[in-house]
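Residue-level listing of the chains:
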Amino acid sequence: MSVKFSLENYTFEEVKKLDKNKTIIMFPIGPLEAHGPHLPLDVDIRGAEITVELASKQLEEYGYSIVSLPVLPYCIADAAHSFEGTISISENTMLNLLRDIITSVVSHGFNNIVIFCHHLEPKNTDVLNIIEKEFNLSKEANVLVSKAIEKSISCNKNILDGEFPLLDMHAGEVETSLFLWKFPNRVKGNYSELTPKWINLIKQFANGANDFETAGANNCYLGDPAKASAEKGRILYEKQAKILTEEVYYFMKSDEAI
Ligand SMILES: [Zn+2]
């Protein structure tokens, strides 16, 4: 996260002076998680930070003050847990962690909080949705859980070159492109030799699979990493950030309308 938006760089006096009604607290989340034999464990952590940072720059142009929490590097990540290095926490821990962090943020006068999680796993998404509902119903804070990743999947099919772009779900062309754009030295050279892995996770899970390994993703990637490029990484993530920006813009507008 750039120095500019990061809460870590503020003094308490600077936080006190912020116009709380105009300030949006961005809350990026992404677990340490295995991402194939070619990418490091922090793909979702960096992906959350990069998307939030790109969107923050755009939102500033709309006149909002943006402050980002440090990325939360843990969530429910059971799907890849059988692969070494993946860290997953339980549903209850995730619920309580989010409740405590948001309650603490709110106690300092902030009331607009946007959660952007780079990790799509149904159990984890369910927890995020519970949190959103809880805070909004209690009127303690306005919480938005971004759906920018889900929404960008259908746009990505016009950018990706792999055969089944909708199935490029994990460490495939999308995420490998992100790393080729932002951290090219951290992508292992073997990415260009990996064969495409097309698995319909929804079908596999309906047939009894319960994680990537039992669904057949034996190297922990789903998609076509060999088709990745830095340029596609830029296009994909700028588009995703634009979706997040629009979500936040309308979230703030609807709040003003009330
Ligand atoms: Zn990922």
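Rules of the game
- Residues numbered from 1 in each chain as written.
- Predicted model: local features only at pLDDT ≥ 70, side-chain atom pairs only at ≥ 80, totals over all residues.
- Helix = DSSP H or I, 4+ residues; strand = E, 2+ residues; numbered from the N terminus.
- Rg over C-alpha atoms; globule rule 2.2 N^0.38 Å.
- Expected span 1.5 Å × (residues − 1).
- Buried ≥ 20, exposed ≤ 12 C-beta atoms within 10 Å, placed from the backbone.
- Arc of directions from axis to C-beta.
- Contact = placed C-beta atoms within 7 Å.

**Q** Hey, could you go over the overall build of the protein chain for me, with residue numbers and the actual values?
**A** Scanning the protein chain from N- to C-terminus turns up 9 helices and 4 strands. Secondary structure elements of the protein chain occur, N-terminal to C-terminal, as α-β-α-β-α-β-α-β-α-α-α-α-α. Against the 2.2 N^0.38 benchmark of 18 Å for 258 residues, the protein chain shows a C-alpha radius of gyration of 18 Å, consistent with a compact globule. In terms of principal-axis extent, the alpha carbons of the protein chain reach across some 55 × 35 × 30 Å.

**Q** Please provide a residue-by-residue account of helix α3 (residues 91–107), values included.
**A** Under the 1.5 Å per step criterion, the end-to-end length of α3 is 24 Å for 17 residues, consistent within 8% with the ideal 24 Å. Turning to α3, its buried residues number three or more, namely Met94, Leu98 and Ile102. Here the buried residues of α3 occupy an arc of 45° about the axis, which is enough to place them on one side. Facing away from the buried side of α3 by more than 90 degrees, the exposed set consists of Asn92, Asn96, Asp100, Thr103, Ser104 and Ser107. On its buried face, α3 is in contact with β3 (112–117), α4 (122–138) and β4 (142–145). Once α3 finishes, glycine 109 follows within two positions and takes phi at roughly 100°, a positive value.

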